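Examining the three-dimensional arrangement
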Amino acid sequence: MINTFIMNEWTVIILILALSVLLAWYTGKYMAKVYSGRHSLLDRIAPLENLILRFCKIDASRQMNWKEWLTAFFTIHIFWLLWGFVILMNQHLLPLNPARIPAMEWTLALNTTVSFLTSTNLQHYSGETGASYFAQIMVMMFLQFVSAAASLAAGIAVLRGIKERSAGYLGNFYKDFLLSMTRILLPVCFITSVIFLLRGVPMTFKGLDTIVSLQGDTVQVARGPVAAFLSIKELGSNGGGFFGTNDAHPFENPDTCTFIVHSIIVFLLPMAFVFMIGFFLEQRKFSRMIFMVMFIGFLIITLPIIQQEIKGNPALTNMGILNKAGNMEGKEQRFGAVLTAFYCGVNVVIPAGTTAGMHDSFMPLSDVFMLIGMQTDAFFGGLGTGWINMFIFVIIAIFISTLMIGRTPELMGKKISLTEIQLATVIILVQPLFCLCMAAIAANVYIHYPGGNIALAWLSNSKAHGFTTMLYEYISAFAGNGSEFAGLGNNTAFWNLTTIPVMLVGRFIPIAGAIIIAGYLASSKYTPPSYGTLKADSVSFAVFLFFVIIVVQVLCLFPSLTLGPIGEYVQLSLNQ
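Just so you know, these numbers come straight off a predicted model, no measurement behind them.

Here we look at the overall build of the protein chain
When helices and strands are tallied, the protein chain shows 20 helices and 4 strands. Relative to its length of 576 residues, the protein chain is compact, with a C-alpha radius of gyration of 23 Å against a globular reference of 25 Å. Each principal axis of the C-alpha distribution contributes one length, and for the protein chain these read about 70 × 55 × 55 Å. Sorting the 576 residues of the protein chain into buried and exposed places 58% on the buried side.

So, in structure tokens, the structure goes:
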């Protein structure tokens with residue numbers, strides 16, 4: 001019976017992957033038409049888009065260089081930051097608050113605003129008790145839409161930098177942002193929200209409901225406008241849960257059907273963006289090469305997590321406890337170990353960070369692959385930003401490989417200069433340096449703070465697992481993932497404030513660096529490929545690119561892994 005159940009779960013996984021790839025191909029083709037200005041399905045809403053642009057006094061035909069593009073990008077983010085912070089600090093005075101939830105403490109309000117602004121959704125609060133309906137809609141849901149649209153605009157700008165012959169323009173940020181919202185995010189979210197609604201996900205502005213449980217207890221149950229909230233949290237690679245337990249909550253994820261929909265829309269746009277690269281640049285072979293590298297990377301991260309969770313906890317086996325269902329601690333019986341582990345793999349390679357189980361309860365070696373997946377953030381990654389991270393790796397791989405064969409580095413006819421190489425190197429080194437330094441500071445405070453963990457109340461587990469918990473928090477924050485280990489007491493001034501610069505650097509440094517590189521490429525003269533040009537769409541380059549990613553990311557993280565999850569695995573093995 002157990003084996004039959006596992007086979008059914010694998011059937012669900014294969015179905016999810018097949019549907020995701022199929023839908024992503026068609027979506028990618030559609031997106032290429034939208035951003036190229038060609039005829040597409042929703043052209044009839046163009047008058048509304050033009051009206052919005054005229055109202056905002058934006059000339060959509062005006063092309064921007066990289067400096068103008070970044071100025072527009074950062075200016076609008078500053079406005080959104082102030083908007084979210086003010087609302088969260090005053091949510092007790094605003095409407096749509098039937099539960100009478102008080103204002104957020106200022107460090108929590110600032111952390112939450114930055115978290116959703118950067119598409120991280122690192123939630124140091126529980127949705128049903130920490131945010132009013134007004135805040136959930138006007139801050140959390142709003143920021144999930146605009147951060148996703150800004151990510152798509154950034155990815156498109158980088159593609160324009162590669163495609164542009166010599167003028168140095170990257171398109172118009174405001175136009176690409178608006179098209180991302182009206183032509184892609186809103187239509188897909190409307191469709192998926194209706195599906196969620198039909199499957200029993202709540203969509204109401206009423207307050208707490210009182211029910212009598214099966215065992216006769218009278219309890220109050222939180223609800224709200226959940227169906228509309230869920231679509232953008234998944235589609236936009238955001239991941240913020242309306243409820244504290246996220247997709248493990250039956251109101252967010254009632255059954256296997258909604259589980260499949262959740263998984264597909266997490267995959268949809270990151271996959272579609274890769275296919276769009278081929279249509280937009282007219283480089284199908286390059287697009288397929290990138291897709292295969294990303295897909296293989298996804299499997300290498302996800303399959304070991306599933307294997308570890310199926311295997312279960314050896315400590316329970318040694319105690320004579322039946323362990324055939326796998327490691328079920330912190331997991332929903334509805335989804336089991338296999339589907340929960342698969343969902344974990346999906347949401348660490350794609351920084352949605354949505355959870356269907358408690359990552360804190362996964363096996364130690366599962367934690368290794370979670371951290372590597374988030375650290376890499378290029379095996380599909382976020383919509384737009386996943387391609388940006390892969391673009392940086394492509395620049396590094398081209399530079400190294402051309403050095404080996406004595407050629408000048410170039411990408412699709414654009415010479416890659418020393419400036420681009422230096423920028424790409426800085427971006428690659430920032431993440432491990434920043435995250436590890438912050439984890440070291442947290443560990444030092446934990447050890448030397450008067451009273452230790454008794455006074456801090458940070459960790460429910462000490463030793464190696466405790467270190468993993470703190471390291472995971474910073475890597476998740478930097479990668480824009482937002483998932484956490486539940487064993488961390490994170491709603492404190494220390495964690496609220498120290499994760500803010502990590503989220504900001506993790507969001508804006510890669511985007512700004514990639515936009516600058518794209519600006520330089522757009523300004524450089526196009527040179528037709530010659531016989532001696534390195535083919536960046538070949539199988540051999542794909543293999544080389546994959547190993548560059550693995551070597552750069554894993555080697556940077558390996559010493560910390562030995563202190564954390566690998567050390568915990570060794571301890572667990574020795575205690576058997």
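The rest of the description comes next.
Observations regarding the packing of aromatic side chains
Taken as a whole and judged by the stated rule, the model has 39 aromatic pairs. With a centroid separation of 5.4 Å and an interplanar angle of 80°, the aromatic rings of Phe-73 and Phe-74 are classed as edge-to-face. Using a relative accessible area of 0% as the deciding quantity, one classes Phe-73 as buried. Judged by relative accessible area, Phe-74 falls into the partly exposed class, the value being 31%. Taking 6.3 Å as the distance between ring centres and 80° as the angle between the ring planes, the aromatic pair formed by Phe-267 and Phe-380 counts as edge-to-face. Placement of the pair is Phe-267 in helix H9 (residues 256-281) and Phe-380 in the loop between helix H13 (364-376) and helix H14 (385-405), with a sequence separation of 113 residues. Positioned above the aromatic ring of Phe-280, the side-chain terminus of Lys-163 is 4.6 Å from the ring centre.

Observations concerning the packing of helix H6 (residues 133-163) against H9
It is at 11 Å that the axes of H6 and H9 come closest, and there the two elements cross at 35°. Crossing of H6 over H9 shows right-handed handedness. Across from Leu-152, Gly-155, Ile-156, Leu-159, Arg-160, Ile-162 and Lys-163 in H6, the residues of H9 making contact are Phe-273, Met-276, Ile-277, Phe-280 and Leu-281. Split into classes, the residues belonging to the contact of H6 with H9 amount to 9 nonpolar, 1 polar and 2 charged.

Concerning H6
Over its 31 residues, H6 runs 44 Å from end to end, which matches the ideal 45 Å to within 8%, given 1.5 Å per residue. The largest bend in H6 comes to about 30°, at Phe-142. Counting buried residues in H6 gives 27 out of 31 residues, a clear majority hidden from the surface.

Details of the pattern of salt bridges
Pairing is possible between side chains that carry opposite charge, provided their charged atoms lie close to one another. This structure, assessed with the given rule, holds 10 salt bridges. A salt bridge links Arg-183 to Glu-49, with the nearest nitrogen and oxygen atoms 2.7 Å apart. A residue pair is termed long-range when its members are at least 10 positions apart, and Arg-183 in helix H7 (residues 173-198) and Glu-49 in helix H2 (residues 46-55) qualify at 134 residues. Here Asp-255 and Arg-199 are joined by a salt bridge, their closest N and O atoms 2.6 Å apart.

Some points on the packing of H13 against helix H17 (residues 463-478)
The contact between H13 and H17 brings their axes to 10 Å, and the two run at 20°. Taken together, the axis directions place H13 and H17 in an arrangement best described as roughly parallel. The two elements H13 and H17 meet at a crossing, and its hand is left-handed. Each of Asp-367, Met-370, Leu-371, Met-374 and Gln-375 in H13 lies in contact with H17, whose residues at this interface are His-465, Thr-468, Leu-471, Tyr-472, Ile-475 and Ser-476. When the residues that make up the contact of H13 with H17 are grouped by side-chain class, the tally is 6 nonpolar, 4 polar and 1 charged.

Analysis parameters
- Residues numbered from 1 in each chain as written.
- Predicted model: local features only at pLDDT ≥ 70, side-chain atom pairs only at ≥ 80, totals over all residues.
- Heavy atoms only, no water.
- Helix = DSSP H or I, 4+ residues; strand = E, 2+ residues; numbered from the N terminus.
- Rg over C-alpha atoms; globule rule 2.2 N^0.38 Å.
- Buried < 20%, exposed > 50% of the residue type's maximum accessible area, 1.4 Å probe, protein only.
- Phe/Tyr/Trp six-rings, centres within 6.5 Å; stacked < 30°, edge-to-face > 60°.
- Lys NZ or Arg CZ within 6 Å of the ring centre and 35° of its normal.
- Axes fitted to C-alpha atoms, helices over the stretch in contact; angles between N-to-C directions.
- Left-handed = near helix turned anticlockwise from the far one by under 90°.
- Contact = heavy atoms within 4.5 Å.
- Nonpolar A, V, L, I, M, F, W, Y, C, P; charged D, E, K, R; others polar.
- Expected span 1.5 Å × (residues − 1).
- Bend = angle between axes of the 7 residues up to and from the residue.
- Salt bridge = Lys/Arg side-chain N within 4 Å of Asp/Glu carboxyl O.
- Parallel < 35°, antiparallel > 145°, perpendicular 65-115°, else oblique.

The values reported here are purely geometric and, on their own, carry no functional implication.
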